Amino acid sequence: MASYIPGYDEKRFATTVNRNFLCLICLNVLKDPVLCPRNQHCFCRACITKHLENSRRCPTCADELTVENLAEPNRMVQDILNELNIHCVYMNRGCQAVVQLQHLDRHEATCGFTPAVCTNEGCGVTFNRRNLTHHESEICEFRKLKCHSCGEMTITLADMEKRISIVEKNMAANITMETKIANIEKYVGNVEKNVANMEANVKRETAYIKRDMEGKLEAVHNEVSGLKAALIKGFDEMKEALVRKEEMNDENTRKVRNTASGDKENIIVAGGVGTDSVEMFNWRQRIWSPLQTMPEKRYGSTSFVYNNNVTLGGGYCAGPSFVDSMIGLTINLNSDLATHWSDCPVKLPAKLAYHSSVLFNDHLIVSGGENENGTSDSIHDVQVIPPYTVKTLSRMPEPRQHHSTQIFDEHLLIVGGTSTGFYHDSLDSVLLLDIKKNECEQLVPLPYQVRDMATVRWGDNIVVIGGADKYGNKLDTVIFYNLETKESHTLPPMRCKRQGCSAVVVGNSIVALGGLGERGTLKSVEAFNFERYTWQELPEMSQARYLHTVVAV
């Protein structure tokens, strides 16, 4: 029977593992997880199999249980486990590798720090596998050395055998005893001479080998001394670099709050119903800072980041009503974070609000929206570089506004919205547009009709956040829609119900901002952390916002 192997030691993981992913028997991180089918208690397959050798009941709920009726966990559980970062089992032998759990077996099968025993007879010392060949062929005192005189000795012995055979032949031919003795003495003299020559050669070869080994040992000693000096110098330089980096971090902390702290560590929120304000949230410092206000109040628009510019397109302005113009705010990560807003030369294909747009290479894919003539069913391609051409890609089966879109490789996923602007015409349909072929496909719908929601992409999933249903009820629901399986799964609900909110992904968290709540427009911000699997309140925005835009920089 195979040996019993429990789950992974929790101490080996680079981050704290959610307690829900620990085996209820060995208390380690789950390895090949299976479930008690009724109450969903989760165990390592090896742990529960060993337990069921002596029992036919679940060790947690005592339900009747056998190996045959163990259930497989939800695919999301296995995906989360596979993406956990874990240290190599040979970390104590010097391996610094940290890999995803799904790649651990492949890494450890080829890891250069695997223990290996020297095969030279008489040695038996254990080394890291990557050092074994060098030890066996260059360093080991028990390795076999090539003798340069063996060929000469073999020729001499063969000559001796030939001469002795001649002696025996002459003896057989009745040669006189004196001749025989003389010949034998002559041959013996030759043999003694050859043996003396061989001994001299062996002494010379031994002296040569000794001098060669002493030279190599001295070279190795010098090389080790040089390497040691280089390592000491490298450690000193690394220490100085870390000190400089720490000093730089301290200096950056004291800078103005508008300074960017790193790639996609800042969230910029712009506009919304009744406001032209713009503000930024620093994810690391958990601080909100005001930015340059927009030229006019604008809501129901979309935003994207292109060439260090935060760009807003379309929307509803109090003066000219629907607009097709775009305005941009330059982001400079090396000096001041933002400069003044300026007009962009590119425009939307029409004056639109409540549309949806996503950036695809150097093109903005714009779908649906409301204009002065009603709700649009068009999907347009707007080139954001000269000559700023606009073309129609496709048309949706029904017009829609207050919907949302996300890019998946060369496909545009379109979800929800409303066909007329009224709540009772809200949609649950999901469309997939092949951008290259300009072909639109209807997929399995969402589990409910929804509009005014926020969405983000998470792997092969689109996450639908909040919104309002066909009765006008504001929602706190959050669902995963998987593009591969076309299946929907719910996440824990938000702390607040949010219609017309916005959302963005920062690190391992989904951040939901503002929206229309049960008691009016919200300032509140909350984040869902996948490791903790809970929503957490963040510092509020200075301005309550509804139908605003958000980007991460």
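Keep in mind that what you see is a predicted model, and the values were worked out from it rather than measured.

Undergrad: I tried to follow the side chain of S376 on my own but got confused; where do I start?
TA: Among the secondary structure elements, S376 is positioned in the loop between strand 17 (374–375) and strand 18 (378–383). Aside from chain neighbours lying at most four places away, what touches S376 is G368, G369, N371, M396, P399 and R400.

Undergrad: Any chance you could explain a negative patch on the surface here in plain terms?
TA: A contiguous patch of negative charge on the surface is contributed by D409, E410, D460 and E484. Checked against the element boundaries, E484 lands in the loop between strand 26 (478–482) and strand 27 (488–491). Residue class for E484 comes out exposed when judged on its relative accessible area of 53%.

Undergrad: Hey, could you run me through the pairing of strand 19 (residues 390–395) in this one?
TA: The two faces of the sheet receive side chains in turn, since in a regular strand these alternate between them. Where strand 18 lies against strand 19, five bridges are found, and the strand directions are antiparallel. If you follow D381 over to strand 19, its bridge partner there is K391. A loop of six residues connects strand 18 with strand 19, the two strands running antiparallel in sequence, and Y388 in this loop sits at a positive phi of about 60°.

Undergrad: Any chance you could explain the environment of A270 here in plain terms?
TA: Turning to its location among the elements, A270 is positioned in strand 7 (residues 266–270). Looking at A270, the relative accessible area reads 4%, which means it is buried. Once the C-alpha coordinates of A270 and V310 are considered, the two residues, 40 residues apart in sequence, prove to be 9.8 Å apart. If we skip the residues at most four places from it in the chain, A270 touches S277, V278, M294, L312, R545, H548 and T549.

Undergrad: Help me understand the sheet that holds strand 34 (residues 549–552) in this model?
TA: One key point about sheets: their strands pair by backbone hydrogen bonds, in either a parallel or an antiparallel sense. Taken together, four strands build an open sheet; the order of strands is 9-8-7-34 and the sheet is antiparallel. A single partner strand is all that each edge strand has here, and the edge strands are strand 9 (287–291) and strand 34. The average undirected angle you get between the axes of adjacent strands in this sheet is 20°.

Undergrad: Got a minute to help me understand the pattern of salt bridges in this structure?
TA: Between side chains of opposite charge, pairing is possible as soon as their charged atoms come close. By the definition in use, this model includes 14 salt bridges. For R451, the salt bridge identified is with D452, shortest N-O distance 2.9 Å. D452 gets classed as buried once you look at its relative accessible area, which sits at 4%. The salt bridge involving R498 is made with E526; its shortest N-O contact spans 3.0 Å. Of the two residues, R498 sits in the loop between strand 27 and strand 28 (502–506) while E526 sits in strand 32 (residues 525–529), which places them 28 residues apart along the sequence. Neither R498 nor E526 differs from the other in exposure class; each is buried. Three or more residues joined by partner-sharing salt bridges are found here, namely D32, R45 and E72.

Undergrad: I'm lost on the confidence of the model for the protein chain in this one. Help?
TA: One rule of thumb: low pLDDT means the predicted coordinates there are not for detailed reading. Put simply, the protein chain has an average pLDDT of 87, and 87% of its residues get 70 or more. For the stretch residues 249–262, pLDDT sits under 50, and the model shows 21 contacts to residues farther than four places along the chain or on other chains.

Undergrad: How should I be thinking about the sheet that holds strand 25 (residues 461–465) in this particular structure?
TA: Pairing in this open sheet of four strands is antiparallel, and the strands run 24-25-26-27 from one edge to the other. Edge positions in the sheet fall to strand 24 (454–458) and strand 27, since each of these pairs with one other strand and no more. Adjacent strand axes in the sheet meet at a mean angle of 25° when their direction is disregarded. Pairing analysis gives five bridges linking strand 25 to strand 26, with the strands arranged antiparallel. Residue pairing for strand 26: V463 is matched across the bridge by F480.

Undergrad: What should I look at first to understand the nonpolar core in this one?
TA: Where a protein is soluble and globular, its nonpolar side chains tend to be buried together. Counting residues in hydrophobic clusters, the biggest one holds 27 residues, and the most contacted among them are F13 and V29. Within the residue set of this core, elements represented by two or more residues are strand 1 (33–35), strand 2 (42–44) and helix 1 (45–51). Contacts of F13, omitting those with residues within four sequence positions, involve Y8, V29, L84, N85, I86, H87 and L101.

Undergrad: Looking at this structure, I do not really get the packing of aromatic side chains. What am I missing?
TA: How two aromatic rings sit relative to each other is given by the distance of their centres and the angle of their planes. Across all of its chains, the model carries eleven aromatic pairs by this definition. A centroid spacing of 6.4 Å and a plane angle of 80° characterise the contact between F281 and W283, whose relative ring orientation is edge-to-face. Side by side, F281 and W283 carry an identical accessibility label, which is buried. An aromatic cluster of three or more residues is present, and its members are W458, F480, F528, F530, Y533 and W535. Positioned above the aromatic ring of W283 is the side chain of R286, whose terminal nitrogen or guanidinium carbon lies 4.2 Å from the ring centre. It is R451 that lies over the ring of Y423; its NZ or CZ is 4.5 Å from the centre.

Calculation notes
- Residues numbered from 1 in each chain as written.
- Predicted model: local features only at pLDDT ≥ 70, side-chain atom pairs only at ≥ 80, totals over all residues.
- Heavy atoms only, no water.
- Helix = DSSP H or I, 4+ residues; strand = E, 2+ residues; numbered from the N terminus.
- Contact = heavy atoms within 4.5 Å.
- Patch = residues over 30% accessible without salt bridge, like charges linked within 9 Å, V, L, I, M, F, W, Y side chains within 5 Å.
- Areas by Shrake-Rupley, 256 points an atom, 1.4 Å probe, with all protein chains shown as cover.
- Salt bridge = Lys/Arg side-chain N within 4 Å of Asp/Glu carboxyl O.
- Lys, Arg positive; Asp, Glu negative; His and termini not counted.
- Charge placed at Lys NZ, Arg CZ, Asp CG, Glu CD.
- Buried < 20%, exposed > 50% of the residue type's maximum accessible area, 1.4 Å probe, protein only.
- Pairing = 2+ DSSP bridges.
- Axes fitted to C-alpha atoms, helices over the stretch in contact; angles between N-to-C directions.
- pLDDT = per-residue confidence, 0-100.
- Core = buried A, V, L, I, M, F, W, Y, C linked by side-chain atoms within 4.5 Å.
- Phe/Tyr/Trp six-rings, centres within 6.5 Å; stacked < 30°, edge-to-face > 60°.
- Lys NZ or Arg CZ within 6 Å of the ring centre and 35° of its normal.

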